[in-house]
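Architecture at a glance
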Amino acid sequence: MTVRAMDTIRPEIRNLSPYVPGKPIEELERELGISNAIKLASNENPLGPSPLAVAAMNTAMHGVNRYPDGSSYYLRDALATHWNMPADSIAVGSGSNDLIDVLCRIHLGPGDEAIMSHPSFVMYAIAVRVAGGTLVRVPGRALFHDPEAMLAAVTDRTKLIYFSNPDNPTGTIVRRRALDEYFRHVPDHVLTILDEAYFEYVSDPEYPNGLEYLRAGKRVAVLRTFSKIYALAGLRVGYGFFPEDLAGLVHRVRLPFNVTSVAQAAARASLEDPEQVRRSREMNDEGIRSFERELPRLGIELTPTWTNFVLARFPGSAIEASRSLERHGVIVRPMTSFGLPAEYARISVGTRLENERLFEALKRIL
């Protein structure tokens, strides 16, 4: 692009750092000429989707010559029944990232502010800047969100506050008591966004259900996804619950046909298989226990987690460790792109065999 053409681009877009995803298995195998690599970098469900979802996808594929249901009517109806919420309060997106972006476009312009904890999910920062808003980062406390400090950062220009609960990349949670206190004090002009992508993995009795705040009339958006415990990451289906007036705006602003017919069918079918959720949670709990047992023996410190991954602090550079692991066919995720020091990496729970392969590779390189 010429210098003259670059002058027409908004400065916040020119200076934007792109989201850096976990390295695909195919890319690593191509680079190193290896096979049978495993990926423990993107917090995917190693169990895979429900057989009901697979069957629904196979059926829906025969209709892909037609545009999908633009309102995701039947999926929203299924979500309404499943969560006992009005269908008119629900919107569906191409992953919850889609809804994060839409909420920024609805609320933010030049001079408007959005608050997030640091570290937290980097897509909040990207969406805020693309919308033209000003990002305010509030340092967490020992890698937990600090709701009191986030409230202290609110001004009359604040439009959005993000809580990633459980958080990505730390795995930590904000407990009910702290969130209750936050909602007692947050001003009415602020929309609180509770991003609950990993909530199905949480068994802590002090973990708050975001829908309780919405039912109580709080100005809150609750975002969830089919990418994690439902294992539909490759289909990109997220959903959100909103005050009904805001839900209407989300439907106005989102792109038409934003969720494919195959994805809608798979998501609906997934809601009908609680056994898949139970098995996924059981596999994850076992994997987390093995991480907590084996990784500290290798000098790796773990942040407490309520998710399907651990934030691991290596005794040296996690960037160098991840490169060495890749030579053994194991992909993990250094966290410098999330603003963490070079000794941090995020490691997702895999199958039992994948976890054991990780442990063996770590023993060789550390």
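Here's what I pulled together on the structure shown here. Computed from a predicted model, the values in this text were never measured in an experiment.

**Remarks on helix α14 (residues 318-327)**
- Within α14, the full set of buried residues consists of A318, A321, S322, S324, L325 and E326.
- At the N-terminal end of α14, a side-chain oxygen is found 3.2 Å from the backbone nitrogen of I319, two or three residues along, and the residue is S317.
- Where α14 terminates, the next one or two residues include G329, which has phi positive at roughly 80°.

**Digging into the pairing of strand β3 (residues 113-118)**
- Of all the 6 residues making up β3, 5 are buried; the element is thus mostly covered by neighbouring parts of the structure.
- Note: β3 against strand β4 (residues 134-139), 6 bridges, orientation parallel. Following the sheet pairing, E113 is matched in β4 by T134.
- Following the backbone out of β3, through helix α7 (residues 122-131) and into the adjacent parallel β4, one traces a crossover that is right-handed.
- Here β3 pairs with strand β5 (residues 158-164) via 3 bridges, running parallel. Each residue of the ladder has a partner; that of I115, found in β5, is I161.

**Points about the packing of helix α5 (residues 73-83) against helix α12 (residues 261-270)**
- Where α5 meets α12, the closest approach of the two axes is 9 Å, and the angle between their N-to-C directions is 20°. Judged by the inter-axis angle, α5 sits roughly parallel to α12. Between α5 and α12 lies a crossing whose hand is left-handed. Counting all contacts with α5, which are made through Y74, L75 and A78, the residues of α12 involved are Q264, A267 and R268.

**Quick look at the packing of aromatic side chains**
- Taken as a whole, this structure holds 14 aromatic pairs when the rule is applied.
- Between F121 and Y124 the ring centres are 5.5 Å apart and the planes differ by 90°, which places this aromatic pair in the edge-to-face class. Here the two residues F121 and Y124 agree in accessibility, since each one is buried.
- Ring plane angle 75° and centroid distance 5.4 Å describe the contact between Y198 and F309, whose orientation is recorded as edge-to-face. Here the residue Y198 occupies a position in the loop between β6 (191-195) and α10 (210-215), and F309 occupies one in strand β10 (residues 309-313), the gap between them amounting to 111 residues. For the pair Y198 and F309, a shared accessibility class is recorded, and that class is buried.
- Each residue in the set F163, Y182, F183 and Y213 is aromatic and connected to the rest through ring pairs, giving one cluster.
- Stacked on the ring of W83, the Lys or Arg R224 has its end atom at 4.7 Å from the ring centre.
- Its end group placed over the ring of F309, R346 keeps NZ or CZ at 5.7 Å from the ring centre.

**Some thoughts on the pairing of strand β8 (residues 238-241)**
- Side chains G238 and G240 project from β8 onto one buried face, and the interleaved Y239 and F241 project onto a second face that is buried too.
- With 4 bridges joining them, strand β2 (residues 90-93) and β8 adopt antiparallel strand pairing. Residue pairing across strands places V92 opposite Y239, the latter belonging to β8.
- Relative to β8, strand β7 (residues 220-225) is paired through 4 bridges, and the arrangement is antiparallel. Looking at β8, one finds that T225 is bridged to G238.

**Thoughts on the sheet that holds β5**
- The sheet built from 7 strands is open, its strands ordered β2-β8-β7-β6-β5-β3-β4 with mixed pairing. Of all the strands in the sheet, just β2 and β4 have a single pairing partner and so form its edges. The average angle at which neighbouring strand axes cross in this sheet is 25°, direction not considered.
- In this fold helix α6 (residues 96-107) packs onto β2, β5, β6, β7 and β8, with an angle of close to 155° to the strand it touches most, β7.
- Against the sheet, helix α9 (residues 176-185) touches β5, β6 and β7, its axis set at about 160° to β6.

**Describing the packing of helix α13 (residues 274-294) against helix α15 (residues 352-365)**
- Interaxial distance between α13 and α15 falls to 10 Å at its minimum, and their mutual angle equals 15°. When the interaxial angle is binned, α13 and α15 end up roughly parallel. With respect to the hand of their crossing, α13 and α15 are arranged in right-handed fashion. Only R352, N355, L358 and F359 of α15 make contact with α13, whose side of the interface consists of E286, G287, S290, F291 and E294.

**Points about the nonpolar core**
- Core analysis: the largest hydrophobic core is formed by 56 residues, its most contacted members being L79, I161, F226 and F241.
- Top element by residues in this core is α12. It accounts for 6 residues.
- Among all residues touching L79, those that are not within four sequence positions of it are N84, I90, V92, F226, Y239 and L271.
- Counting 35 residues, the second-largest nonpolar core is a separate cluster that includes V102, L108, M116 and M335.

**A look at the side chain of Q276**
- Looking at where Q276 falls in the secondary structure, it is placed in helix α13.
- Excluding residues that lie within four positions of it along the chain, Q276 makes contacts with N45, L47, G48, P49, S50, I229, Y230 and A231.

What counts as what
Per-chain numbering applies: the sequence of each chain, read as written, is numbered from 1 onward. In keeping with the predicted nature of the model, local features appear solely for residues at pLDDT of at least 70, side-chain atom pairs appear and are counted solely at 80 or more, and the whole-chain, interface and lining totals rest on all residues. Side-chain metrics in this entry use all non-hydrogen atoms of the structure; hydrogen atoms and water are not considered. Here's how the labels work: a residue is buried when its accessible area is under 20% of the maximum for its type, exposed when over 50%, partly exposed in between, all with a 1.4 Å probe on protein chains only. Secondary structure is summarised from DSSP: a helix means a run of H or I of at least four residues, a strand means a run of E of at least two, and numbering begins at the N terminus for each. By the criterion applied in these results, polar contacts are pairs of N or O atoms within 3.5 Å in which, for protein atoms, one can donate a hydrogen and the other can accept it, and in which residues neighboring in sequence qualify only through two side-chain atoms. For two strands to pair, DSSP has to find at least two bridges joining them. Here, the term right-handed applies to a crossover whose path from the first strand over the helix to the second runs clockwise when the strands point away from the viewer. Fitted lines through C-alpha atoms serve as axes, helices being fitted only where they are in contact, and the angles separating the N-to-C directions of these axes extend from 0 to 180 degrees. Throughout, the term roughly parallel applies to angles under 35 degrees, roughly antiparallel to angles over 145, roughly perpendicular to angles from 65 to 115, and oblique to all others. Should the near helix be turned counterclockwise from the far one by less than a right angle, the crossing is left-handed, whereas a clockwise turn marks it as right-handed. Any two residues having at least one pair of non-hydrogen atoms within 4.5 Å are treated as being in contact. Only Phe, Tyr and Trp rings are paired, with Trp represented by its six-membered ring, and only when their centres lie within 6.5 Å; those with planes under 30 degrees apart are stacked, over 60 edge-to-face, the remainder tilted. Counting as a charge over the ring demands two things of the Lys NZ or Arg CZ atom: a distance within 6 Å of the ring centre and an angle within 35 degrees of the ring normal. Take the buried residues of types Ala, Val, Leu, Ile, Met, Phe, Trp, Tyr and Cys, join any two whose side-chain atoms come within 4.5 Å, and each joined set is a nonpolar core.

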